[in-house]
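# Tertiary structure, described
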Amino acid sequence: MSRLYLLRHARAGWALPGVRDFDRPLDASGVADAEMMGALMRIRNYSPDLTLCSNAKRARQTLEGLALEGLAGHTDTGRVLFFDTLYSQDAAGYLAAIRDNGGPGSGWPDSLLVIGHNPMTEDLALALSGDGDEAARGLLNYGFPTSGLAVVRFPGNLANAAQGAGYLEAFMTPADP
């Protein structure tokens, strides 16, 4: 069994004049939400073997917030790879990156975290989840907010992740207990 964590970056401020969208930083609530999501991941023992992170500033800062030392300890994000392409690719591009990094060349990780953007993160979570926990599916159908995390379980390795083959195990936001 393998597990895929799909995390939409935390809330970012609006771009200031002269600042590219790619370089927008998290706002204060985004920083707090990233730290809260890290705490929730620690509590639920969600620790990826490998993290694929968009190289956009707000995604990198989300990763930093997840990994901060907190009351429940440190969130292990595994080995981290950064990709400019996770900023601009569609859900199919995200899936290709997951397959490419979920196979033998990556040591067959049992769990992989993708920190990316919408609508790609939401589209991929919906496409991969052929079945799932009823409450999680209900929440995901209302949209994929910033700092939202979808946990999709697969029977095999992530190199074989495919549309409808996953089970949506959980969907949570920083507001969840």
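What counts and how
- Residues numbered from 1 in each chain as written.
- Predicted model: local features only at pLDDT ≥ 70, side-chain atom pairs only at ≥ 80, totals over all residues.
- Heavy atoms only, no water.
- Helix = DSSP H or I, 4+ residues; strand = E, 2+ residues; numbered from the N terminus.
- Axes fitted to C-alpha atoms, helices over the stretch in contact; angles between N-to-C directions.
- Parallel < 35°, antiparallel > 145°, perpendicular 65-115°, else oblique.
- Contact = heavy atoms within 4.5 Å.
- Nonpolar A, V, L, I, M, F, W, Y, C, P; charged D, E, K, R; others polar.
- Pairing = 2+ DSSP bridges.
- Polar contact = N/O pair within 3.5 Å; in protein donor to acceptor, adjacent residues only side chain to side chain.
- Phe/Tyr/Trp six-rings, centres within 6.5 Å; stacked < 30°, edge-to-face > 60°.
- Buried < 20%, exposed > 50% of the residue type's maximum accessible area, 1.4 Å probe, protein only.

## Let's talk about the environment of Ser88
Among the secondary structure elements, Ser88 is positioned in helix H3 (residues 85–88). In sequence terms Ser88 and Met120 are 32 residues apart; their C-alpha atoms lie 9.0 Å from each other.

## Overview of the packing of helix H4 (residues 91–101) against helix H5 (residues 120–128)
Relative to each other, H4 and H5 sit at 70 degrees, their axes nearing to 8 Å. Classified by the interaxial angle, the pair formed by H4 and H5 is roughly perpendicular. Listed contacts from H5 to Ala91, Tyr94, Leu95 and Ile98 of H4 are Met120, Thr121, Asp123, Leu124 and Leu128. Its residues assigned to classes, the contact of H4 with H5 shows seven nonpolar, one polar and one charged.

## Overview of the environment of Thr75
Here Thr75 is to be found in the loop between helix H2 (57–67) and strand E3 (79–83). Each residue touching Thr75, except ones within four places of it in the same chain, is listed here: Gly38, Ala39, Met41, Arg42, Leu66, Ala67 and Leu68.

## Digging into the sheet that holds E3
With mixed pairing, the seven strands of this open sheet are ordered in space as E3-E2-E4-E1-E6-E7-E5. Either end of the sheet is taken by a strand with one partner, and the two such strands are E3 and strand E5 (129–132). Here the strands of the sheet are splayed against their neighbours by 25 degrees on average, with no regard to which way each runs. Seen against the sheet, H4 touches strand E1 (2–8), strand E2 (50–54), E3 and strand E4 (111–116) and runs at an angle of roughly 150 degrees to E4. Seen against the sheet, H5 touches E1, E4, E5, strand E6 (149–154) and strand E7 (166–172) and runs at an angle of roughly 150 degrees to E1.

## Points about the side chain of His117
Structurally, His117 is set in the loop between E4 and H5. For His117, the side chain forms a polar contact with the side chain of Ser54, separated by 2.8 Å. Discounting chain neighbours no more than four positions away, the residues touching His117 are His9, Ser54, Ala56, Arg58, Ala59, Leu86, Tyr87 and Tyr94.

## Structural notes on the packing of aromatic side chains
Following the criterion strictly, the structure yields three aromatic pairs and no others. Both rings, one in Phe22 and one in Tyr87, keep their centres 5.0 Å apart while their planes meet at 80 degrees; by these two values the pair is edge-to-face. With Phe22 in the loop between E1 and helix H1 (28–43) and Tyr87 in helix H3, the pair connects residues that are 65 residues apart, well separated along the chain. Accessibility expressed as a relative area gives 14% for Phe22, which makes it buried. Given a relative accessible area of 26%, Tyr87 falls into the partly exposed group. Summarising the aromatic geometry, the rings of Phe144 and Phe171 are spaced 5.0 Å apart at their centres and angled 75 degrees between planes, so their arrangement reads as edge-to-face. Pair noted here: Phe144 is in the loop between helix H6 (134–140) and E6 and Phe171 is in strand E7, with a separation of 27 residues, a long-range link. The exposure class of Phe171 is buried, given its relative accessible area of 7%.

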